[in-house]
Amino acid sequence: MLSRRKFLRNLSSLPLVGGLLGSHAASASSTTLTAPLRRDYFKELGIRTFINAAGTYTSMTGSLMPEEVMESILYASNEFVTLDELQDKVGERIASMVKCEAATVTTGAASAITFGTAGVIAGDNPENVVQIPHLEGTDMKSEVIMQNAHKIGYAHAIRNTGAHIIYVDTQKELEKAINEKTAMLFFLNANNQQGEIKHEAWVETGKKYGIPTFNDCAADVPPVENLWKYTQMGFDLVCFSGGKGIQGPQSAGLLLGRKDLIAAARMHAPPRGNTVGRGMKVNKEEILGMMVALEMYVNKDHEAEWKMWEQQIAHIADAVKDIEGVTTETFVPDLANHVPTLKVAWDDSKIQHDNDSLHEAMRSGHPSIEVAGWGSEPQIQITTWMLIPGQERAVANRLREVLMEASA
Ligand SMILES: *Cc1c(COP(=O)(O)O)cnc(C)c1O
């Protein structure tokens, strides 16, 4: 075996060595690459890589998977297994980890919504499975109810099954809207506060009328307890994204809940072909990777991690808060992306940047940095949970530099 240094020395005679040691390889986190890099694909392709001080954004490719997850993916890639047996066994393991009746790995939270809804609508009837998404003229239920305050684009995943969404505002409207066509009551966890009908009332109403309830918790870890809180509260189905806070594969997710409904959802999943879910296949590598990511997530020291995030946020805030015209504020969103978040605002008569130009300045430095907080106001938002530890220094230095350079 070549030592790392020797390997690097040998590599230096190759043409692609420039930028080989990106910020990731140089850091000391669990994502450090211990195997030698053979090719720098992103560089080869001319693709910008960046420090992610924004958060778990789909467009920014979600999160980074720990090395153990990558090992499980590599492990799985060397063997054949049957897809159903793998889903069965991994599902059992996941269900016991997150204390629910049953679970399955999907291609993400959005596909979990489609699978879950399809399962509720078609039940265990194979003829129904084939009919979806054409519900008209069948005896399948075709309406899903949700609150206006929970309106979200991802609800398209419900409509993929052929179901229509009925929107309501109040408990009274909800009960009035329920009829013999009502298949499911859909809840968006992140918007609990905004809606008039809260978690418990939603669940209770479902039980009262015998209609399954679904809670979309895609971006709702941390806290880790959310992985079992909502199934235990009585939601019949709950979904999470694999590639957000759990740091599993971005194209994986979890559907958790009642045994009969998970079994029904699986009837729409590959390897079965004549189904709405055929295009939402999870490969064995990602099924296993999802399980291992969840294990790591459940077992990690969440308190220590939280403290680290707070320190990183404080470090960045400290670097800029004395700049004239700059104000900083730290907060934690109640639900969804529940992590320490730094808001940096500036007086644009003192600092010559608008929102866009500040994003661009952070993006165009070396290393490139992405931050969050878009809109017309002169302010950005920063989270540190997607940083490789140590990167907060680069974020702090660059943010200070960008703000100082534009100071009047
Ligand atoms: C991210 C997100 C989704 C989609 O999740 P994927 O895992 O990318 O499919 C659905 N609902 C909410 C609320 C989300 O935040």
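Up top is the structure.
Because the structure is predicted, anything quoted here is derived from the model rather than measured.

Undergrad: Got a sec to walk through the site of the ligand? Specific residues and values, please.
TA: Every residue near the ligand is listed here: Gly108, Ala109, Ala110, Ile152, Tyr154, Leu188, Asp216, Ala218, Ala219, Ser241 and Lys244. The contact in question runs from an oxygen atom of the ligand to an N or O atom on the backbone of Ala110, over 2.9 Å. When isolated, the ligand has an accessible area of 380 Å², and the protein chains bury 85% of it. For the shell around the ligand, the per-class residue count stands at seven nonpolar, two polar and two charged.

Undergrad: Give a detailed account of the packing of aromatic side chains, specifying residues and quantitative values.
TA: Within the structure shown, the criterion is met by seven aromatic pairs. For the ring pair Tyr57 and Trp374, a centre distance of 5.3 Å and an interplane angle of 85° mean the geometry is edge-to-face. Here Tyr57, found in the loop between β1 (51-53) and α4 (67-76), pairs with Trp374, found in the loop between β11 (369-371) and β12 (379-383); they are 317 residues apart in sequence, far enough to count as distant. Judged by its relative accessible area of 47%, Trp374 is partly exposed. Judged by centre distance (5.8 Å) and plane angle (55°), the rings of Phe187 and Trp202 are tilted. Placement of Phe187 in strand β5 (residues 182-188) and of Trp202 in helix α10 (residues 199-209) is noted, with a sequence separation of 15 residues between them. These aromatic residues form a ring-pair network of at least three members: Phe187, Trp202, Tyr230 and Phe235. Cation over ring: Lys99 sits above Trp228, and NZ or CZ is 3.9 Å from the ring centre. Just above the ring of Tyr167 sits the side chain of Lys151; from NZ or CZ to the centre is 4.5 Å.

Undergrad: Lay out the nonpolar core in plain terms, naming residues and giving numbers.
TA: Ile94, Val98, Leu227, Phe240 and Ile246 are the most contacted members of the largest nonpolar core, which has 46 residues in total. By residue number, the principal contributor to this core is helix α13 (residues 284-299), which donates eight residues. Setting aside its immediate chain neighbours within four residues, Phe240 contacts Ala109, Cys217, Ala218, Asp220, Val221, Asn226, Leu227, Ile246, Gly253, Leu254 and Leu256.

Undergrad: Tell me about the pattern of salt bridges, and name the residues and values.
TA: Summed over the entire model, instances satisfying the criterion amount to 19 salt bridges. For the salt bridge of Glu85 with Lys89, the shortest nitrogen-to-oxygen distance reads 3.1 Å. Here Glu85 pairs with Lys89, and both are found in helix α5 (residues 83-97), just four residues apart, close to one helical turn. For Glu329, the salt bridge identified is with Lys343, shortest N-O distance 3.7 Å. Here Glu329 is found in strand β9 (residues 326-331), whereas its partner Lys343 is found in strand β10 (residues 341-346), with 14 residues between them in sequence. Taken together, the salt bridges that share partners define one network made up of Arg48, Glu360, Arg363 and Glu370.

Undergrad: Describe the pairing of β5, with residues and values.
TA: Taken across its seven residues, β5 has seven buried, putting it largely inside the fold. Relative to β5, strand β3 (residues 143-147) runs parallel, the two sharing three bridges. Bridge assignment links Val144 to a residue of β5, and that residue is Met184. Taking the sense of rotation as the criterion, the β-α-β connection linking β5, α10 and strand β6 (residues 213-216) turns out right-handed.

Undergrad: Can you tell me about unusual backbone geometry, naming the residues and giving the values?
TA: Going from Val221 to Pro222, the amide bond is cis rather than trans, its omega being -5°. Structurally, Pro222 is set in the loop between β6 and α11 (226-233). Cis geometry marks the peptide bond from His366 to Pro367; its omega dihedral reads 0°. Counting through the fold element by element, Pro367 comes out in the loop between α15 (355-363) and β11. With a phi close to 70°, Thr61 is a non-glycine residue in the positive phi region. Locating Thr61 in the fold gives a position in the loop between β1 and α4. Residue Thr61 is classed as exposed on the basis of its relative accessible area of 51%. Look at Ala336: it is not a glycine, yet its phi comes out positive at around 70°. Checked against the element boundaries, Ala336 lands in the loop between β9 and β10. We classify Ala336 as buried; its relative accessible area is 13%.

Quick notes on the rules
Residues numbered from 1 in each chain as written. Predicted model: local features only at pLDDT ≥ 70, side-chain atom pairs only at ≥ 80, totals over all residues. Heavy atoms only, no water. Near = heavy atom within 4 Å. Polar contact = N/O pair within 3.5 Å; in protein donor to acceptor, adjacent residues only side chain to side chain. Areas by Shrake-Rupley, 256 points an atom, 1.4 Å probe, with all protein chains shown as cover. Nonpolar A, V, L, I, M, F, W, Y, C, P; charged D, E, K, R; others polar. Phe/Tyr/Trp six-rings, centres within 6.5 Å; stacked < 30°, edge-to-face > 60°. Helix = DSSP H or I, 4+ residues; strand = E, 2+ residues; numbered from the N terminus. Buried < 20%, exposed > 50% of the residue type's maximum accessible area, 1.4 Å probe, protein only. Lys NZ or Arg CZ within 6 Å of the ring centre and 35° of its normal. Core = buried A, V, L, I, M, F, W, Y, C linked by side-chain atoms within 4.5 Å. Contact = heavy atoms within 4.5 Å. Salt bridge = Lys/Arg side-chain N within 4 Å of Asp/Glu carboxyl O. Pairing = 2+ DSSP bridges. Right-handed = clockwise from strand over helix to strand, strands pointing away.

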